[in-house]
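Report on the structure
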Amino acid sequence: SVRAHGYRARSRGAAGVMSAAIQPAINYGTSAWAQYTAQPDGRNLARRLCQAMVLLPLFWLVLLPEYVQGLGDPEMKSILYRGTMGPLRMIDALLLGVIAAHGIVWASSRRMRIHFPRTLALSGMGFAAAIALAMIYGALHGGTNLFFDWRALALGIGMFVVFALWVQTPAAARSAMYLFVGFMALRIGMIYASFLRGGGDVIVGVRIPVFDGPTLSAIVFTAVLALWMSGCDHGRWQKLLWMTLSAAAYLLVLLCFRRTFWTELGVATGLLLLLRKQQRKRTLLLATVAVAAVALTLGPAFYQRLQSLDFTSGESEFSQGNPDHVGELLDAWEQVQRQPILGIGLGRSYPTLRIQEWKEESVMVHNAPLHVWLKYGLV
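Residues numbered from 1 in each chain as written. Predicted model: local features only at pLDDT ≥ 70, side-chain atom pairs only at ≥ 80, totals over all residues. Heavy atoms only, no water.

Describing a nonpolar patch on the surface
- A cluster of nonpolar side chains, namely L133, I341, L342, L378 and V379, defines an oily patch on the protein surface of about 450 Å² accessible area.
- Structurally, I341 is set in the loop between helix 14 (323-338) and strand 3 (350-351).
- On the accessibility criterion, I341 (52% relative accessible area) is exposed. (Patch = residues over 30% accessible without salt bridge, like charges linked within 9 Å, V, L, I, M, F, W, Y side chains within 5 Å. Areas by Shrake-Rupley, 256 points an atom, 1.4 Å probe, with all protein chains shown as cover. Salt bridge = Lys/Arg side-chain N within 4 Å of Asp/Glu carboxyl O. Helix = DSSP H or I, 4+ residues; strand = E, 2+ residues; numbered from the N terminus. Buried < 20%, exposed > 50% of the residue type's maximum accessible area, 1.4 Å probe, protein only.)

Details of the packing of aromatic side chains
- Considering all chains together, one arrives at eight aromatic pairs under this definition.
- With centroids separated by 5.3 Å and ring planes inclined at 90°, the aromatic side chains of F147 and W150 adopt a geometry described as edge-to-face.
- Aromatic side chains F257 and W262 sit 5.8 Å apart centroid to centroid with 80° between the ring planes, which places their arrangement in the edge-to-face category.
- Here F257 falls in the buried class, since its relative accessible area comes to 0%.
- Taken together, the ring pairs in this structure connect F59, F180, F183 and F221 into an aromatic cluster.
- We note R258 situated over the ring of F211; from NZ or CZ to the ring centre the distance is 4.0 Å. (Phe/Tyr/Trp six-rings, centres within 6.5 Å; stacked < 30°, edge-to-face > 60°. Lys NZ or Arg CZ within 6 Å of the ring centre and 35° of its normal.)

Brief notes about helix 6 (residues 121-140)
- For helix 6, with 20 residues, the first-to-last C-alpha span of 29 Å sits near the 28 Å given by 1.5 Å per residue.
- Considered for burial, the residues of helix 6 that qualify are A130, I131, A134, Y137 and G138. Within helix 6, the buried residues cover an arc of 135° as seen down the axis, which keeps them to one side. For helix 6, the exposed residues set more than 90 degrees away from the buried face come down to L122, M125, I136 and L140.
- Looking at the packing, one finds that the buried side of helix 6 touches helix 7 (151-166) and helix 15 (368-376).
- The first or second residue beyond helix 6 is G142, which carries a positive phi of 85°. (Expected span 1.5 Å × (residues − 1). Arc of directions from axis to C-beta. Contact = heavy atoms within 4.5 Å.)

What to know about helix 8 (residues 170-196)
- Across its 27 residues, helix 8 extends 39 Å between first and last C-alpha, which sits within 8% of the 39 Å expected from 1.5 Å per residue.
- Two residues or fewer after helix 8 comes G198, characterised by a positive phi angle close to 100°.

Considerations on the pattern of salt bridges
- Applying the stated criterion across every chain yields a total of six salt bridges.
- Note that R354 is salt-bridged to D331, the shortest N-O span being 2.7 Å. With R354 in the loop between strand 3 and strand 4 (361-362) and D331 in helix 14, this pair connects stretches of sequence that are 23 residues apart.
- You can call D331 buried: its relative accessible area is 2%.
- We note a salt bridge from E334 to R354, for which the minimum N-O separation is 3.3 Å. Of the two residues, E334 is situated in helix 14 and R354 in the loop between strand 3 and strand 4; the sequence distance between them amounts to 20 residues.
- Within the structure, one salt-bridge network assembled from shared partners comprises D331, E334, R338 and R354.

Brief notes about the environment of A101
- Position of A101 among the secondary structure elements: in helix 5 (residues 90-108).
- Given a relative accessible area of 40%, A101 falls into the partly exposed group.
- Linking A101 and V162, residues 61 residues apart in sequence, is a C-alpha distance of 9.0 Å.

Side note on the side chain of T283
- The topology assignment puts T283 in helix 12 (residues 280-298).
- Residue classification places T283 among the buried residues on the basis of a relative accessible area of 1%.
- In this structure, T283 is in contact with L227, T269 and L273, ignoring residues within four places of it in sequence.

Quick word on the nonpolar core
- With 67 residues, the main nonpolar core has L55, L58, I219, Y250 and F257 as its most contacted residues.
- The biggest single contributor to this core is helix 8, with 11 residues. (Core = buried A, V, L, I, M, F, W, Y, C linked by side-chain atoms within 4.5 Å.)

With respect to the side chain of R258
- Looking at where R258 falls in the secondary structure, it is placed in the loop between helix 10 (236-255) and helix 11 (259-275).
- Contacts of R258, omitting those with residues within four sequence positions, involve I203, F211, G213, L216 and R305.

Side note on unusual backbone geometry
- With a phi angle near 65°, F257 is a residue other than glycine that sits in the positive phi range.
- Mapped onto the elements of the fold, F257 is located in the loop between helix 10 and helix 11.

Thoughts on the environment of A129
- The topology assignment puts A129 in helix 6.
- Considered as a pair, A129 and V379 are 250 residues apart in the sequence and their alpha carbons are 9.0 Å apart.

Considering the packing of helix 14 against helix 15
- One can describe the packing of helix 14 onto helix 15 by two numbers: an axis separation of 9 Å at closest approach and a directional angle of 35°. Classified by chirality, the crossing of helix 15 by helix 14 is left-handed. Seen from helix 14, the contacting residues are L329, A332, W333, Q335 and V336; seen from helix 15, they are L370, W373 and L374.
- For the contact of helix 14 with helix 15, a count of residues per class yields seven nonpolar, one polar and no charged. (Axes fitted to C-alpha atoms, helices over the stretch in contact; angles between N-to-C directions. Left-handed = near helix turned anticlockwise from the far one by under 90°. Nonpolar A, V, L, I, M, F, W, Y, C, P; charged D, E, K, R; others polar.)

Quick look at the confidence of the model for the protein
- Looking at the protein, pLDDT values average 81 and 83% of them are 70 or higher.
- Between residues 1-14, whose pLDDT stays under 50, and residues either more than four places distant or in other chains, the model counts 32 contacts.
- Predicted confidence for residues 24-40 stays below pLDDT 50, and this span has 27 contacts to residues more than four positions away or in other chains. (pLDDT = per-residue confidence, 0-100.)

This is the structure we're talking about:
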């Protein structure tokens, strides 16, 4: 639970912003910049090399765990996530530096253009106003570290500028996709190699390849992207490579025994079945083979873990009840009832009387609508 908040914020950061940047890039394919980049091959090669130098480190940051694994203290943070100046961590300062550099280039260039989706302007300004109000209210009531609760949003908006500058044409979007897929293929291969040598993590007594949430989210996305691309590329060998990568990613997610990511992969596979009618047999075959392979590898434990998805059943070896999470929700709801209009404000904590064994106070609740109401009020 300590790790979940940071994990979710990051795992939806770079990948989500990149996805938002790609669509405007496709619509922007006839611009002056598109004509400019369509000229000499040497210039395109130099641009692609620069694109790789910027994007690959950002992809690596997505997979960097916030907390150090296997060193005894579960709250020991990786060096990039430790504080530097005030509320800023090293990773915040690093990303802000990248954003500032790209902002300067964008402002100084006559060729580079960024089109921010107009449909987001009104809602974006409204949310910014809500954040400002919550910061003022929190500061007036003794709140500290007012940047914590919305820094992922601020960094995400800034990273939109970074991705949009490097993904301005359909060719650049495809190049960025290949970079991401190649990077993830290498990471998936390294995870398999470590697992086969006896490494990995342990969950409910079962050894798994990897536990880290952002890594598994990225692998889920890779599995779906590769399966989709297997129906888009025309060459036989290209189709085979995409299917191989998708199968490896599907199998890895299932082997990791994480029900959240099983659900993610299941929902995404269902959407593919709806959207790609001509690809249904291939999708069903790949998913069935992956499930069968994991079932044969893990034996009864896999079936029992599947059964634990039924939240109406009692506790078992592969699942636990939810009294702590229910207590957390009730504690937060109690605070909302006391301050429904403005919430508690940013930078403040509240007592958690029902989950004293877990934590005595909290700055968040693991439920998105309730968390927003708690921190920002009805605004």
